[in-house]
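# Analysis of the macromolecular model
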Amino acid sequence: IYAPEWTFALVENAVQNGLELYLSTEVKDIGREKDFQYDVVTSKGILGTRYLVNAAGLFVDEIARMVGDNDIKLILTKGVMAILDKSVSHLVRNMVYGSYGKDHSQLVTPTAHGNILIGMGYFTCPEHKADTGVSGEKLSEVVEMAKELIPAVSEKDVITSFAGIRSENTKAQVMGDFYIGESEHAPGVIHAAIGSPGLTAAPAIAEYVIELLSRAGMAMEEKKDFKKHRTGWRRFEEASFSEKEKMLASDPRYGHVVCRCEQVTEAEILEAIRRGADTTDAVKHLTRAGMGRCQGGFCGTGVLNYLARYMGISPTDVTKKGVGSYQVCGFTKEKRSQHG
Ligand SMILES: Cc1cc2nc3c(=O)[nH]c(=O)nc-3n(C[C@H](O)[C@H](O)[C@H](O)COP(=O)(O)OP(=O)(O)OC[C@H]3O[C@@H](n4cnc5c(N)ncnc54)[C@H](O)[C@@H]3O)c2cc1C
């Protein structure tokens, strides 16, 4: 399972079943008239609610403070990972994990898409919650530790690297465990402070949160007309020859490969945009355009232009992953006004 694709599919299915989705909407404060009556102040207005699930990840402590719970403190660690080119995907077929101590991990594993992922080296303390930079020195450490497990791993095969911040919290009964519980000060508010392996545990956590909401008094009734099936879309590269012929007959844009490394076609990119991908990272996570050896060097501009064209905005307004992450600052040959 590739987590972003899975999450996107779940959200699409929830929308099919009536969920109102607010993307790029920051929770700035939470006001309380009385118990079970909260005003969630967001960047797009105020939402009134009786129940609230605080699943804000690294910001779970800040949301908790908004309802008066000041005792969730997070302990953060930073882990670095790198992706290897598909040309060396034969190196391992299963996860190889070196479990030597609490302060580091050594991992070489295939990904859902056939690359190899290595990580995470010695954990360090991030300077802040957005400290996801990777130094050359740290990357070399990760490669060296991967080599201890699989000697043929080489830094020249690294196509990208990234860091993530993991959290533990002081409210958990056992250090390292999750804290999932109803607020002690604000009835109807459920906090879910989860660190690793929060992704693997997510379905079970969801069931537990439903139970907590029910215990808090939320009336729940099984939705009789629940739509179980969400229609995905076929990857052109993975299709058989006859399927490809059918896909091409249905839409000739399957014949235009935009991302050469991952063989992603124009039709797939446009389908991702039609379904709501509104940043270059969103298109990348849904289609893999930009995830290959060149890391978007060739297709990045193309994807950006498709987003601008189909969203009816200027290329200067297209972002990598939301407000502030603009990629084009102006035009060299034409005046900006001509691009509207
Ligand atoms: C390097 C690394 C490796 C890991 N490996 C594994 C693994 O192998 N297996 C595993 O199971 N887990 C793993 N984890 C842990 C896993 O990624 C996390 O436990 C999980 O993502 C936490 O999910 P979450 O929904 O609580 O938080 P998140 O996924 O962080 O989601 C929180 C969401 O809340 C939003 N948000 C925050 N504040 C606000 C606000 N004020 N207003 C609006 N929205 C807000 C954020 O934008 C975000 O979308 C790893 C983590 C790291 C960093």
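## Quick look at the pattern of salt bridges
Inspection of the entire model under this criterion finds 24 salt bridges. Residues D71 and K171 are paired through a salt bridge, measuring 2.7 Å at the closest nitrogen-oxygen approach. Note that D71 is positioned in the loop between α2 (60-66) and β5 (74-84) and K171 in the loop between β9 (158-169) and β10 (179-182), a separation of 100 residues in sequence.

## A word on the nonpolar core
Among the nonpolar cores identified, the biggest contains 19 residues, and I269, I273, V283, A289, V303, Y306 and L307 are the most heavily contacted of them. Elements that contribute at least two residues to this core include exactly β12 (257-259), α6 (266-274), α7 (280-287) and α8 (300-311). Considering every element that reaches this core, the biggest residue donor is α8, with five residues. The contact partners of L307, leaving out residues within four places of it in the chain, are I273, A277, D278, T279, T280, V283, G312 and V318. Counting 17 residues, the second-largest nonpolar core is a separate cluster that includes V88, I116, L149 and I150.

## Concerning the sheet that holds strand β1 (residues 27-34)
One open sheet holds the three strands; their spatial order is β1-β2-β3, and the pairing between them is antiparallel. Every other strand in the sheet has two partners, leaving β1 and β3 (45-49) as the edge strands with one partner each. For this sheet, the mean angle separating the axes of adjacent strands, direction not counted, is 20°. In this structure, strand β2 (residues 37-42) lies alongside β3, joined through five bridges in antiparallel fashion.

## Topic: the site of the ligand
By nearness alone, 19 residues border the ligand, and V27, G195, P197, L199 and T200 come closest of all. The contact in question runs from an oxygen atom of the ligand to an N or O atom on the backbone of G198, over 3.3 Å. Contacts to the ligand include T200, whose side-chain N or O atom sits 2.7 Å from an oxygen atom. Protein coverage of the free-state accessible area of the ligand, which is 1,000 Å², stands at 58%. When contributions to the shell around the ligand are tallied by element, the ones reaching two or more residues are β9 and α4 (198-215). When grouped by side-chain class, the residues that make up the shell around the ligand number ten nonpolar, seven polar and two charged. When residues of the shell around the ligand are assigned to domains, at least three map to each of domain 1 (3-73 + 171-215) and domain 2 (75-169).

## Remarks on the state of the cysteines
Applying the stated rule across the entire model yields zero disulfides. C299 forms no disulfide, and the closest cysteine sulfur to it belongs to C259, at a distance of 4.1 Å. On the accessibility criterion, C299 (3% relative accessible area) is buried.

## Notes on the domain arrangement of the protein chain
The domains assigned to the protein chain are domain 1 (3-73 + 171-215), domain 2 (75-169) and domain 3 (241-339). Taken over C-alpha atoms, the centre of domain 1 sits 29 Å from the centre of domain 2. Taken residue by residue, the interface counts 18 residues in domain 1 and nine residues in domain 2. Among the residues of domain 1 in contact with domain 2, L58, K73 and M175 are the three that bury the most area, contributing 48% of the side total. Here domain 1 is connected to domain 2 by two salt bridges. Across the pair K129 and D61 runs a salt bridge whose closest N-O atoms are separated by 3.0 Å. The interface formed by domain 1 and domain 2 contains six residue pairs in polar contact (both at pLDDT 80 or more).

Rules and cut-offs
Residues numbered from 1 in each chain as written. Predicted model: local features only at pLDDT ≥ 70, side-chain atom pairs only at ≥ 80, totals over all residues. Heavy atoms only, no water. Salt bridge = Lys/Arg side-chain N within 4 Å of Asp/Glu carboxyl O. Helix = DSSP H or I, 4+ residues; strand = E, 2+ residues; numbered from the N terminus. Core = buried A, V, L, I, M, F, W, Y, C linked by side-chain atoms within 4.5 Å. Buried < 20%, exposed > 50% of the residue type's maximum accessible area, 1.4 Å probe, protein only. Contact = heavy atoms within 4.5 Å. Pairing = 2+ DSSP bridges. Axes fitted to C-alpha atoms, helices over the stretch in contact; angles between N-to-C directions. Near = heavy atom within 4 Å. Polar contact = N/O pair within 3.5 Å; in protein donor to acceptor, adjacent residues only side chain to side chain. Areas by Shrake-Rupley, 256 points an atom, 1.4 Å probe, with all protein chains shown as cover. Nonpolar A, V, L, I, M, F, W, Y, C, P; charged D, E, K, R; others polar. Domains from an automatic or database assignment. Disulfide = S-S within 2.5 Å. Buried area = accessible area lost by both parts, 1.4 Å probe.

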